[in-house]
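# Summary of structural features
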Amino acid sequence: MQLRHLSMLLALAWMELLFYLSHQPALHTPMLFSAQDKVLHAGVYGLLGHLLLSAQPRPAKGYSGKQVTISVLIASLYGLGDEIHQHFVPGRNSDVLDWIADSVGALRAVTLLAWVDRKRKSAAEVAPR
């Protein structure tokens, strides 16, 4: 199985897990610091964005801006849908700041992955063979 197919399966499984968790009336996590919730949201959706980008074909020069945009957009829209979904779950609430953290997390992770991929490919082109 190609890595990109595995990445797509993992992205779908991750989305399913996120839906399941957001459908729970309450998630009790120990509070370690004040912005923990937002950091968690950014990390969770950063991983989703990473998986979505990795599921796309890799061009010879690295991921394109269009691929980055598509991955971030899908992760962000999924985060928006998740916040809307939580509005209807007893014991949960939706928060626009959570959605912003989701989107920023996806943007940062996807941008970093694309940048590292481009740097690695350009370094391979100039390396002596």
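This write-up is about the structure you can find in this document. Note that the coordinates shown come from a computational prediction; the quantities given were computed from them, not determined experimentally.

Moving on: the packing of helix α1 (residues 3-22) against helix α3 (residues 65-87). A pair of packed helices is captured by two measures, namely the crossing angle of their axes and the spacing between those axes. α3 packs onto α1 with a crossing angle of 20° between their chain directions and a minimal axis gap of 10 Å. Viewed along their axes, α1 and α3 adopt a mutual orientation that is roughly parallel. Here α1 runs over α3; the crossing is right-handed. Of the residues in α3, those touching α1 at M15, E16, L18, F19 and S22 are Y78, D82, H85 and Q86. Considering only residue class, the contact of α1 with α3 consists of four nonpolar, three polar and two charged.

On to the pattern of salt bridges. Under the criterion given, the structure shown has five salt bridges. As a salt-bridge pair, D37 and K38 come within 2.8 Å of each other at their nearest N and O atoms. Judged by relative accessible area, D37 falls into the partly exposed class, the value being 33%. A relative accessible area of 25% means that K38 is categorised as partly exposed. For R58, the salt bridge goes to D117, with nearest N and O atoms at 3.2 Å. Here D117 lies in helix α4 (residues 96-126) and R58 lies in the loop between α2 (36-54) and α3, a separation of 59 residues in the sequence. With a relative accessible area of 0%, D117 lands in the buried category. Residues joined by salt bridges that share partners form a network here, namely D37, K38, D95 and D98.

Calculation rules
- Residues numbered from 1 in each chain as written.
- Predicted model: local features only at pLDDT ≥ 70, side-chain atom pairs only at ≥ 80, totals over all residues.
- Heavy atoms only, no water.
- Axes fitted to C-alpha atoms, helices over the stretch in contact; angles between N-to-C directions.
- Helix = DSSP H or I, 4+ residues; strand = E, 2+ residues; numbered from the N terminus.
- Parallel < 35°, antiparallel > 145°, perpendicular 65-115°, else oblique.
- Left-handed = near helix turned anticlockwise from the far one by under 90°.
- Contact = heavy atoms within 4.5 Å.
- Nonpolar A, V, L, I, M, F, W, Y, C, P; charged D, E, K, R; others polar.
- Salt bridge = Lys/Arg side-chain N within 4 Å of Asp/Glu carboxyl O.
- Buried < 20%, exposed > 50% of the residue type's maximum accessible area, 1.4 Å probe, protein only.

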